[in-house]
Amino acid sequence: MNARTFFFVLVAGLLSLGIFQTVQRHVAFDIPWMPGETRTIWNIDAKINFDANDGAVLASLTTPERQAGYTKISQNASSPGYGLSFLDDGETQKAEWTIREASGKQTLYYNIQVLEDAKSLDQQILEMPALFDREYSAAGFAAGTSIINDAMKTSADAFSFTREVLKQLNADNPNQNVSLILTGKATKTEILIALLNEAKIPTKKIGALVLEDGRRRQHLTPLVEVFQEKDGLIVSRLFDATSLKAVNRDNLLLWDQSGKALLELTGGSDSKVSFAMIQQEQPALSALLQKSENEHLFNFSIHSLPVEDQSLFKGILMIPLGVLIVVMMRVLVGLKTSGTFMPVLIAMAFIQTSLVTGLVGFVLLVAIGLFIRSYLSHLNLLLVSRISTVIIMVILLIAMFGVLSYKLGLTEGLKITFFPMIILSWTIERMSVLWEEEGAKEVMIQGGGSLLVAVLAYFVMSNEVTRHLMFNFIGLQFVVMAFVLLLGSYTGYRLLELRRFKPLADKE
Amino acid sequence: MFFSSPFKLKSKGIMGMNQRNSGYIGRYNPRKLYPLVDNKLKTKIIARDANVTTPALLGVISMQAEVEGVEAYIKDTPGFVIKPAKGSGGKGILVITKVENGRYYKPNGSEESLAEIKRHATDILAGLFSLGGSADVAVIEGLIQFDSAFDGFSFEGVPDVRVIVFKGFPVMAMMRLSTAASDGKANLHQGAVGVGIDITTGAAINAVQFDKPVKFHPDTNKELALLQVPKWERLIYLASSCYEMSGMGYLGTDMVLDRDLGPMLLELNARPGLAIQIANGQGILPRLKLIESLGDDHGMSVEERIEYCKKHFSQ
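Residues numbered from 1 in each chain as written. Chains lettered and ligands numbered in written order. Predicted model: local features only at pLDDT ≥ 70, side-chain atom pairs only at ≥ 80, totals over all residues. Heavy atoms only, no water.

Participant: Honestly, the overall build of chain B in this entry has me stumped. Any pointers?
Facilitator: The helix and strand inventory of chain B stands at 10 helices and 14 strands. Here chain B, with 315 residues, has 55% of them falling under the buried criterion. The contacts of chain B with a sequence gap of at least 6 include a subset with a gap of at least 24, amounting to 64%. Accessible surface, chain B: about 12,600 Å² in total, of which carbon and sulfur atoms supply 53%. (Helix = DSSP H or I, 4+ residues; strand = E, 2+ residues; numbered from the N terminus. Buried < 20%, exposed > 50% of the residue type's maximum accessible area, 1.4 Å probe, protein only. Contact = heavy atoms within 4.5 Å. Areas by Shrake-Rupley, 256 points an atom, 1.4 Å probe, with all protein chains shown as cover.)

Participant: Please explain the overall build of chain A as it appears in this structure.
Facilitator: The helix and strand inventory of chain A stands at 17 helices and 10 strands. Out of the 508 residues in chain A, the part that is buried amounts to 44%. Taking contacts inside chain A between residues at least 6 apart in sequence as the whole, the part at least 24 apart equals 78%. Here chain A displays about 26,300 Å² of accessible surface, and carbon together with sulfur accounts for 61% of that area.

Participant: Could you clarify how one ought to interpret the packing of aromatic side chains in this entry?
Facilitator: Working definition: an aromatic ring pair is given by the centre-to-centre distance plus the angle between the planes. Throughout the structure, instances matching the rule amount to 15 aromatic pairs over all chains. Arranged with centres 6.0 Å apart and planes meeting at 25°, the rings of B:Tyr24 and B:Tyr28 form a pair that is stacked. Of this pair, B:Tyr24 and B:Tyr28 are both found in helix 2 (residues 17-28), four residues apart, which corresponds to roughly one turn of the helix. No difference in accessibility class separates B:Tyr24 from B:Tyr28, as the two residues are buried. Here B:Phe169 and B:Tyr308 contribute two aromatic rings whose centre-to-centre distance is 5.7 Å and whose plane-to-plane angle is 70°, an arrangement assigned as edge-to-face. Linking B:Phe169 in strand 9 (residues 169-177) with B:Tyr308 in helix 10 (residues 302-313), this pair joins segments that are 139 residues apart in sequence. Here B:Tyr308 falls in the buried class, since its relative accessible area comes to 15%. Through successive ring pairs, a cluster of aromatic residues spans A:Phe86, A:Tyr110, A:Trp255 and A:Phe275. The ring of B:Tyr105 carries the charged tip of B:Lys98 above its face, separated from the ring centre by 5.1 Å. (Phe/Tyr/Trp six-rings, centres within 6.5 Å; stacked < 30°, edge-to-face > 60°. Lys NZ or Arg CZ within 6 Å of the ring centre and 35° of its normal.)

Participant: What should I look at first to understand the side chain of B:His120 in this one?
Facilitator: Tracing the chain through its elements places B:His120 in helix 6 (residues 114-126). The residues touching B:His120, leaving out its near neighbours within four places in the chain, are B:Ile82, B:Gly92, B:Ile93, B:Leu94 and B:Phe129.

Participant: When you look at the interface of chain A and chain B in this model, what are you seeing that I'm missing?
Facilitator: How big an interface is tends to be stated in terms of accessible area lost as the parts join. With 29 residues of chain A at the contact, the number on the chain B side is 40 residues. Overall, the association of chain A and chain B removes approximately 3,300 Å² of surface from exposure, summing both partners, and the carbon and sulfur fraction of that is 56%. For the chain A face of the interface with chain B, the top three residues by lost area are A:Tyr493, A:Arg500 and A:Leu504, together amounting to 20%. Between A:Arg386 and B:Asp123 there is a salt bridge, and its shortest N-O distance comes to 3.2 Å. Run the count over chain A and chain B and you get 10 residue pairs in polar contact (both at pLDDT 80 or more). When contributions to the side of chain A that touches chain B are tallied by element, the ones reaching two or more residues are helix 11 (383-407), helix 12 (421-438), helix 16 (495-500) and helix 17 (502-505) of chain A. Per-element accounting of the side of chain A that touches chain B gives the leading share, five residues, to helix 16 of chain A. (Buried area = accessible area lost by both parts, 1.4 Å probe. Salt bridge = Lys/Arg side-chain N within 4 Å of Asp/Glu carboxyl O. Polar contact = N/O pair within 3.5 Å; in protein donor to acceptor, adjacent residues only side chain to side chain.)

Participant: Could you clarify how one ought to interpret a nonpolar patch on the surface in this entry?
Facilitator: Residues and elements named next belong to chain A. A cluster of nonpolar side chains, namely Ile 19, Val 23, Val 27, Trp 33 and Met 34, defines an oily patch on the protein surface of about 420 Å² accessible area. Assignment of secondary structure puts Val 27 in helix 1 (residues 3-29). Judged by its relative accessible area of 48%, Val 27 is partly exposed. (Patch = residues over 30% accessible without salt bridge, like charges linked within 9 Å, V, L, I, M, F, W, Y side chains within 5 Å.)

Participant: Whenever I open this one, helix 9 (residues 342-353) of chain A confuses me. Can you help?
Facilitator: An α-helix turns once per 3.6 residues; consequently, residues spaced three or four apart project the same way. Residues and elements named next belong to chain A. A rise of 1.5 Å per residue sets the reference length of helix 9, with its 12 residues, at 16 Å; its end C-alpha atoms lie 16 Å apart and thus fit the reference within 8%. Taken together, the buried positions of helix 9 are Met 342, Pro 343, Val 344, Ile 346, Ala 347, Ala 349, Phe 350 and Thr 353. At the C-terminal side of helix 9, Ser 354 shows a positive phi close to 75°. (Expected span 1.5 Å × (residues − 1).)

Participant: Would you take a moment to explain the nonpolar core for this structure?
Facilitator: Inside soluble globular proteins, nonpolar side chains tend to come together where they are buried. Among the nonpolar cores identified, the biggest contains 72 residues, and B:Val171, B:Met175, B:Val195, B:Val229, B:Tyr250 and B:Leu288 are the most heavily contacted of them. Filtering out sequence-adjacent residues up to four positions away, B:Val171 remains in contact with B:Ile164, B:Phe166, B:Ile199, B:Ile284, B:Arg287, B:Leu288, B:Ile291 and B:Phe313. A:Ala349, A:Met393, A:Val453 and A:Phe473 belong to the second largest nonpolar core, which has 49 residues in total. (Core = buried A, V, L, I, M, F, W, Y, C linked by side-chain atoms within 4.5 Å.)

Participant: What am I meant to see in the pairing of strand 10 (residues 193-197) of chain B here?
Facilitator: Note on strand geometry: in a regular strand, side chains alternate between the two faces of the sheet. Residue and element names in this part refer to chain B. Of all the five residues making up strand 10, five are buried; the element is thus mostly covered by neighbouring parts of the structure. Burial of the side chains of strand 10 extends over both faces: Val 193, Val 195 and Ile 197 are buried on one face and Gly 194 and Gly 196 on the other. Relative to strand 10, strand 9 is paired through five bridges, and the arrangement is antiparallel. Looking across to strand 10, one finds that Ala 173 is bridged to Ile 197. The pairing of strand 10 with strand 11 (residues 204-209) spans five bridges and is antiparallel. Looking at strand 11, one finds that Gly 194 is bridged to Val 208. If you look at the hairpin formed by strand 10 and strand 11, you'll find six residues sitting between the two strands, and Gly 202 has a positive phi there, around 80°. (Pairing = 2+ DSSP bridges.)

Participant: Even after reading the chapter, I still don't get the sheet that holds strand 9 of chain B, so can you show me in this structure?
Facilitator: The strands making up a sheet associate through backbone hydrogen bonding, with each pair oriented either parallel or antiparallel. Ordered by their spatial adjacency, seven strands build an open sheet running 12-11-10-9-8-13-14 (chain B), and the pairing between neighbours is antiparallel. With one partner strand each, in any of the chains shown, strand 12 (212-213) and strand 14 (262-269) of chain B form the two edges of the open sheet.

Participant: When you look at the environment of A:Pro32 in this model, what are you seeing that I'm missing?
Facilitator: Residues and elements named next belong to chain A. Along the chain, Pro 32 falls in the loop between helix 1 and strand 1 (38-63). Pro 32 gets classed as buried once you look at its relative accessible area, which sits at 3%. Linking Pro 32 and Ala 284, residues 252 residues apart in sequence, is a C-alpha distance of 7.0 Å.

Participant: How should I be thinking about the packing of helix 10 (residues 355-376) of chain A against helix 13 (residues 440-462) of chain A in this particular structure?
Facilitator: The description of two helices packed together rests on the angle between their axes and the distance between the axes. All names here are of chain A. Packing of helix 10 against helix 13 brings their axes to within 12 Å, and their N-to-C directions diverge by 160°. In terms of axis orientation, helix 10 runs roughly antiparallel to helix 13. Regarding helix 10 and helix 13, the two cross each other, and that crossing is right-handed. Touching Leu 355, Leu 359, Phe 362 and Val 363 of helix 10 are Leu 451, Val 455, Tyr 458 and Phe 459, all from helix 13. When grouped by side-chain class, the residues that make up the contact of helix 10 with helix 13 number eight nonpolar, no polar and no charged. (Axes fitted to C-alpha atoms, helices over the stretch in contact; angles between N-to-C directions. Parallel < 35°, antiparallel > 145°, perpendicular 65-115°, else oblique. Left-handed = near helix turned anticlockwise from the far one by under 90°. Nonpolar A, V, L, I, M, F, W, Y, C, P; charged D, E, K, R; others polar.)

Participant: Mind showing me how you'd approach the pattern of salt bridges here?
Facilitator: All names here are of chain A. On inspection of all chains with the given rule, the structure shows 23 salt bridges over all chains. A salt bridge links Lys 167 to Glu 164, with the shortest nitrogen-to-oxygen separation between them at 3.2 Å. In this pair, Lys 167 and Glu 164 are both assigned in helix 3 (residues 158-169), three residues apart and thus about one turn of the helix distant. Under the relative-accessibility criterion, Lys 167 is labelled partly exposed at 45%. Glu 429 is the salt-bridge partner of Arg 386, the closest N and O atoms lying 3.2 Å from each other. Of the two residues, Arg 386 is situated in helix 11 and Glu 429 in helix 12; the sequence distance between them amounts to 43 residues.

Below, the structure is given as structure tokens:
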């Protein structure tokens, strides 16, 4: 493989590595392409009311688990005087309040924030819920058996069987057996579960919360989760006992998946659980960062650093873009700058000072510096001490500008301290020598070129979109590197050469 | 149109800066040989070993303490030049053409005091003019008494001949005439006149100042077409033999003509500029490509290489 091929393979490798990493970060971690994208967060309160029986109270509330469409970001609870713990026995998650002595009306609050998250998936079902024993009245048993037999004939598996049963339960003109069963106290959900259980189909009762912004005093909607084994995997589906329609899981948070009870209360009576919720829009990134399971995913990114260092990197990671601008301006356009990467440093200072203040301050400082430097050149000083003098002079000038602008009420002027003074001093020294040797014109050309490139670099480096992209997608650094390498092998004409050689090209 | 089409430039064989840097300088000039070329003192030493004449070396100032003693080197000369050994682009070259009773005069007649000369030497030592700002030494050379053939062609300065030597072949040449605008210096971007020179005869082809065609010298009004470099054979031979001497494949040789000593090598340049194309009114690429097509095993001597160029590059 010759050097040329290797070079292009290297560039292509860097490019694809960068793009792959970038796309992967977007797809896997959901980091948005654009800044300012928001994600929906639901802030839900569960309020538990009960009467305490003048003794020890233990209230345990089942809380939402990981599920498709939603990710828990945080939870907390408040209730004065109660001990609180969040329990997770591996199957169900609970919030448990305890107190030794309580009497009268009690109110407990539980708050959870969930993120709407298309990436989140339902937990894998490892084992079927157990069937349970239940006693029936003779009449009910006979009717139930008849319904089961009818449904069994017209169905193929557990899900279709459930549908067949639901058809009978929700028929406009229910037959005799169904009417008999429905006259009892039991709800359709309970009947459905009982019937399925009788047919040896495992089920679980689910309490679901319909999410709607600003709703209060909501209650859980009961649903039935039906299980069946297929190809060695346990699959389940949700059914609403009161309707034949498939359950739409949009805006549906499965709060209680325990299969038991939403609230278990000892030492109290007349308990009631109600829900209130609001919808919030949060910047996507901060919402993602709150997602606790993402912690390890962000481990190898800059997000794992302390915030202070992160903001440092926010600046540093922009430098490659500034450098790219410099390379483009020099290689493609042919602009002369004083000092190869000085424009990038000036641009970084501009970011601190804001553009106009920075430009005015920079030109003012260099101009005054040049003026004083022209006097220094008569003193026959050694170069190092002359530049040192210029540095001190620049510092004094900056101090003077700072005080002056403060006295005049121009606080903007104080930002001039952000300029890198050594860079300024070298600029002044170089410009001064340039002035003596090649005249004012060359100073204007090089100084103007530097400022132009600096302003361009400033616009690229301070842009919200580029800042967002460069900071969140490290892979883009490779892309920039690939471009810089490519530019390094560009042997075509520079834009300004097209002007320079024009008389030559137009000859004859 | 403000810009010309890049395809038109390409069809004319004009070389751009990017191509020069990566295709020629990067490819043919080994990095380790740069010091020989960038340091004028080292160039002088290898030139002496290769029997290439250079201007007389009056003295070298390599330490700040020696600056005070600069007068000893210069007071009894008819004129001299102080330059940084590692200077670039003609920066830091101080030319004194007249020394009278301890007073020094620049080519434009203005006086330069001894203190100013010392300050200049100090600046050189501190690296103000050198590439990368590294510490440097100041080289004091005798002033070249330029050949009377150039009377009227140059204003207050030594005209020099730049020959681009590619792999030992003299591919293109131009003469650089100082003007009032260039302050006696022979750099085209400072305003010197560039005159394209025929490789075969040493006669003028075309002239430009500030990249624009000119017919007459702006200060002396002498017709530039009349320019003919004397002792051209010797000059082009010296220039071509710089290839063996320096090892640089793409080399700019700056030659001067002394009245008494004939052509001599002033300095070498590892990054010769592109203005020579404008001065010649032609692109350099076809010539470079022709030489490249010969390969490395042509086994030609210096004389044969010059003959080859005369045959192919004559106007």
